[in-house]
Amino acid sequence: MTKSNVAQLDDRLHAERQSFDKVPLVDLAPLLDGSDPERLAREIRWALANAGFMYVKNHGVSVRLVDETFARARAFFDLPTSEKLKLHISNSGVALRGYIEVFGENTNPAKTKDLKECFDVGPEWPTIEGPFFGPNQWPTAMPEFQETVLLYHEAMKALSIKILSGIALSLELPADFFQPKMKNPISIQRLLHYPPQSGVVDERIIGIGAHTDYGSLTILAQDSVGGLQVMNRDGVWIEGNPIPDTFVINIGDLIQKLTNDRYLANLHRVVNTSGRERYSLAFFIDGDCDAVITPLDSCISDDRPPRYPPITCGAHKFARFLESFPHLQREHTDVATQQTGPAVL
Ligand SMILES: O=C(O)CCC(=O)C(=O)O
Ligand SMILES: [Fe+2]
């Protein structure tokens, strides 16, 4: 555990939380087999209100698929940089798909540069329809890479729908609450590689800078190396050490807004001082591009008026991307804010 020198929860967010010294672990079996969804809802409620993070076990995703996706990711990042740069995200026009080199995206740009490289894929979409829907870029010499990554992305989408049903129950909403706002949701499957840092770590360069995630839900698979850290209410970084056969789940800004701060989109970062290469697979899902997020009635009271104005998923997400992608700052397009008939979340 390390005391933060980077960022703190603001006072309003800080005051309402209970502290934790390890990220809670939640068994998804009672949700998936229907045996005790209420107990699960209570566990999710505690985890998301206080940590914004939880490990999940008994998630039903094949270990083989996870292992295979890690193997494909390693093979991809082992390609020469010149090959990877041919698939650079800036080549995909306004669609945010492809390769991002070390320091190419900085998640906490005022404080740190990100010592990571990554590759982003989304739902297959033949034409460019804005930043979140467009054709993917693929390494043509690796057809098995495309096949496995798309399968993994589908498995994550299916799991996210189940977890979101548990989150809905934890908020005393119907299990299918999120469904009408997720007809064609924004989702990104990201593969990440963190080179190790050795010697004296320059605090201005770390694997991924302190940040909150932008969307609704993130499902993270990490290898055995470690380095993920999550902030508790006292400003202490808690290690999110790898636990075999689990995923790390966290919520992003959109669920914090939806719950009027009852649930926390928490700060996290990666520092890889293990001496080994670290790989992770991060899946992000939001709502439909035009779904409007507005605080739930059940999270509003006289003492707690709405803290967030309504915003569409697409507009929020694109604004956050603009902060962290230098190439977007150069070629800014406001296509994400074009909307068609908003659905209210
Ligand atoms: O690689 C990890 O462990 C965390 C990645 C992450 O926080 C992100 O991509 O938003
Ligand atoms: Fe993150």
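The rules behind the values
Residues numbered from 1 in each chain as written. Chains lettered and ligands numbered in written order. Predicted model: local features only at pLDDT ≥ 70, side-chain atom pairs only at ≥ 80, totals over all residues. pLDDT = per-residue confidence, 0-100. Contact = placed C-beta atoms within 7 Å. Pairing = 2+ DSSP bridges. Helix = DSSP H or I, 4+ residues; strand = E, 2+ residues; numbered from the N terminus. Axes fitted to C-alpha atoms, helices over the stretch in contact; angles between N-to-C directions. Buried ≥ 20, exposed ≤ 12 C-beta atoms within 10 Å, placed from the backbone. Expected span 1.5 Å × (residues − 1). Arc of directions from axis to C-beta. UniProt positions renumbered as here; feature names shortened; annotations may be inferred. Core = buried A, V, L, I, M, F, W, Y, C linked by C-beta atoms within 7 Å.

### Points about the confidence of the model for the chain
In the predicted model, the chain carries a mean pLDDT of 90, and 92% of its residues have values of at least 70. Across residues 1-6, where pLDDT falls below 50, the model places 13 contacts with residues more than four positions away in sequence or in other chains. Segment residues 333-343 is flagged for pLDDT under 50; beyond a separation of four residues in sequence, or across chains, it makes 24 contacts in the model.

### Remarks on the sheet that holds strand E2 (residues 25-27)
Across the sheet, eight strands lie side by side as E2-E3-E13-E10-E15-E7-E6-E4; this open sheet has mixed pairing. Edge positions in the open sheet fall to E2 and strand E4 (98-100), since each of these has one partner strand only. When the angles between neighbouring strand axes are averaged without regard to direction, this sheet yields 25°. Here E4 pairs with strand E6 (residues 117-121) via three bridges, running antiparallel. Bridge pairing in E6 links Gly98 to Asp120.

### Brief notes about unusual backbone geometry
One non-glycine residue, Phe103, adopts positive backbone phi at about 70°. Examined against the element boundaries, Phe103 turns out to sit in the loop between E4 and strand E5 (113-114). Accessibility expressed as a C-beta count within 10 Å gives 13 for Phe103, which makes it partly exposed. Look at Glu172: it is not a glycine, yet its phi comes out positive at around 55°.

### Here we look at the pairing of strand E3 (residues 53-57)
Extensive coverage of E3 is indicated by the burial of four of its five residues. The pairing of E2 with E3 spans three bridges and is parallel. Along E3, the bridge assignment pairs Asp27 with Lys57. Examined bridge by bridge, E3 and strand E13 (residues 247-251) share four bridges and lie antiparallel to one another. Bridge assignment links Phe53 to a residue of E13, and that residue is Asn250.

### A short note on helix H3 (residues 37-50)
Counted at 1.5 Å a residue, the expected span for H3 with its 14 residues is 20 Å, and the 20 Å between its end C-alpha atoms agrees. Those residues of H3 that sit buried are Leu40, Ala41, Glu43, Ile44, Ala47 and Leu48. The buried side chains of H3 occupy one side of the element, clustering within an arc of 165° when seen end-on. Contacts made by the buried residues of H3 are with E2, helix H2 (29-32), E3, helix H6 (143-170) and E13. Following H3 by one or two positions, Gly52 has its phi on the positive side, about 70°.

### Things to note about the UniProt feature "domain: Fe2OG dioxygenase" (unreviewed entry) in the chain
Per the UniProt entry, the sites bearing "domain: Fe2OG dioxygenase" (unreviewed entry) are residues 184-287 in this numbering. With 6% helix and 42% strand, residues 184-287 has end C-alpha atoms that lie 8 Å from one another.

### Section: the pairing of strand E10 (residues 217-222)
For a regular strand, side chains alternate in direction, first toward one face of the sheet and then toward the other. With six of six residues buried, E10 lies mostly within the body of the structure. Here E10 shows no split at all, with Leu217, Ile219 and Ala221 on one side and Thr218, Leu220 and Gln222 on the other all buried. The pairing of E10 with E13 spans four bridges and is classified as antiparallel. Its bridge partner lying in E13, Leu217 is registered against Ile251. Where E10 lies against strand E15 (residues 278-285), six bridges are found, and the strand directions are antiparallel. In the sheet register, Gln222 faces E15, and the bridge partner there is Ser280.

### A word on the nonpolar core
Formed by 80 residues in total, the largest nonpolar core has its most connected members in Val26, Phe53, Met54, Ile219 and Ile249. Ranked by residue count, the leading element in this core is H6, at ten residues. In this structure Phe53 touches Val23, Ala47, Val230, Gly240, Val248, Ile249, Asn250 and Asn266, once residues within four positions along its chain are discounted.

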